[in-house]
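Each chain is listed here by its residues.
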Amino acid sequence: MPAVTVLGLEGSANKPSPIWSLTASPLDAVSLGQGSCRGRQRGTTRAACWPCCRKLYRRQGWSLQMWTVWPTPRVIAYSERRYRIFGETIDIAVGNCLDRFARVLKISNDPSPGYNIEQMAKKGQKLVELPYTVKGMDVSFSGILSHIEEVAHKMLASGECTPEDLCFSLQETLFAMLVEITERAMAHCGSQEALVVGGVGCNMRLQEMMQIMCAERGAKLFATDERFCIDNGAMIAQAGWEMFRTGQVTQLEDSWITQRYRTDEVEVTWRD
């Protein structure tokens, strides 16, 4: 095959959020995370990029992944050339929830809202009770966001808590929800390995909570840093290359953008 140049463009205004994949039979891999993109050009799509990266990680012997890709956390499993969706958020993404909360407290975007929330949360001393919504394998983050938007300034003005306490409480609640459904997926599939990737996957507290859960199950956790966690054009280019080499191509004049492209709409031609 002649040399091919592959270009991946990442233009999302949103940060990525989490996914996991577990080895199981007959469904080869289960994933928790966000699995599609806001728009796509047929032939090279971000909806396919994290499943594609999963293949690369798998070569290292890692069988479970936690994705954090915009726009919606999902529990997915590979079967018959599709990543089948088991469960997902019923509203907004975890990364979107954190970003919008940062605006409430006017937390800086430099270097990112999520990172700054993580650093403030380390100084939190009080756990504020917040809505916790897990419905089977689905999660909901809009209620907790609406609640904290409504009460944050009142609680801060009364001295009931500090901004650091709110950051700590939000992180603990959101991540506990993700850990719960991940553990349920691991139990269902009998998986003993987990890999954390995606933007929110950079959060060390999330990695710590996942590590505790895995240790209690006798499972292994593999966590990556920002080189592999942050959404980027390289992942999109890799997905495009995997599609191209298996003959899945589209002429530029036949390309279009599809909003809310779902993970299970991507035909996985690069896997057996």
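Everything below is about the structure printed above this text.
This write-up is about the structure you can find in this document. Think of each chain on its own: its residues are numbered from 1, step by step along the sequence as written. For this predicted model, a pLDDT threshold of at least 70 governs which residues receive local features, and a threshold of 80 or more governs which side-chain atom pairs are given and counted, while totals over whole chains, interfaces and linings are taken from all residues. Side-chain figures throughout are based on the complete set of non-hydrogen atoms in the structure, without hydrogens or water.

### Overview of the overall build of the chain
Heads up, the rule is: Where helices and strands are cited, they refer to DSSP runs of H or I of at least four residues and of E of at least two residues respectively, numbered from the N terminus. Relative accessibility under 20% of the residue-type maximum defines a buried residue, over 50% an exposed one, and the middle range a partly exposed one, all with a 1.4 Å probe and only protein chains included. Residues are treated as being in contact if the distance between any of their heavy atoms lies within 4.5 Å. Note that accessible areas follow from Shrake-Rupley with a 1.4 Å probe, and for residues the cover is restricted to the protein chains shown.
A tally of regular secondary structure across the chain gives eight helices and eight strands. Looking at the chain residue by residue over its 272 residues, the buried ones come to 54%. Across the chain, the fraction of contacts at a sequence separation of at least 24, relative to all contacts at a separation of at least 6, is 80%. Carbon and sulfur atoms form 50% of the exposed surface of the chain, whose accessible area is close to 12,400 Å².

### A short note on the packing of helix 2 (residues 94–104) against helix 3 (residues 113–121)
Threshold: What counts as an axis is a line fitted to C-alpha atoms, over the stretch in contact for a helix, and the angles between N-to-C directions run from 0 to 180 degrees. By definition in this entry, angles of less than 35 degrees are roughly parallel, angles greater than 145 are roughly antiparallel, angles of 65 to 115 are roughly perpendicular, and the rest are oblique. Charged residues are taken to be Asp, Glu, Lys and Arg, nonpolar residues to be Ala, Val, Leu, Ile, Met, Phe, Trp, Tyr, Cys and Pro, and polar residues to be all remaining types, Gly included.
At a minimum axis distance of 9 Å, the contact between helix 2 and helix 3 shows a crossing angle of 70°. Between helix 2 and helix 3, the crossing angle belongs to the class labelled roughly perpendicular. For the pair helix 2 and helix 3, the contacting residues are L98, D99, F101 and A102 in the first and P113, G114 and I117 in the second. Split into classes, the residues belonging to the contact of helix 2 with helix 3 amount to five nonpolar, one polar and one charged.

### Some remarks on the state of the cysteines
Convention followed: Any two cysteine sulfur atoms within 2.5 Å of one another count as a disulfide.
Taken as a whole and judged by the stated rule, the model has zero disulfides. With no disulfide of its own, C167 has C161 as its nearest cysteine by sulfur position, at a separation of 9.9 Å. Under the relative-accessibility criterion, C167 is labelled buried at 0%.

### As for the nonpolar core
Threshold: Buried Ala, Val, Leu, Ile, Met, Phe, Trp, Tyr and Cys residues that are joined via side-chain atoms within 4.5 Å together make up what is termed a nonpolar core.
Grouped together as the largest cluster of nonpolar side chains are 45 residues, with contacts concentrated most on F101, I107, F141, L166, C167, L170 and L174. Among the elements of the structure, helix 2, helix 3, helix 4 (142–158), helix 5 (163–189), strand 7 (193–196) and helix 6 (204–217) are those that each provide at least two residues to this core. L170 has contacts with L98, F101, L130, I144 and I148, leaving out every residue within four places of it along the chain. Within the second largest apolar cluster, seven residues are counted, among which are Y83, M243, V268 and W270.

### Some points on the pattern of salt bridges
If the charged atoms of two oppositely charged side chains come close together, the side chains can form a pair. Going by this rule: Salt bridge criterion: a side-chain nitrogen from Lys or Arg within 4 Å of a carboxyl oxygen from Asp or Glu.
Tallied over the full model, the rule gives eight salt bridges. For the salt bridge of R184 with E180, the shortest nitrogen-to-oxygen distance reads 2.9 Å. Taken together, the residues R184 and E180, both in helix 5 and four residues apart, mark about one turn of the helix. Assessed through its relative accessible area of 34%, R184 is described here as partly exposed. Residue classification places E180 among the partly exposed residues on the basis of a relative accessible area of 26%. Here R262 ties to D264 by a salt bridge, and the two come within 3.7 Å at their closest N and O atoms. Taking the relative accessible area as the measure of exposure, R262 reaches 27% and is therefore partly exposed. Residue class for D264 comes out partly exposed when judged on its relative accessible area of 27%.

In short, shape yes, function no, at least from these values alone.
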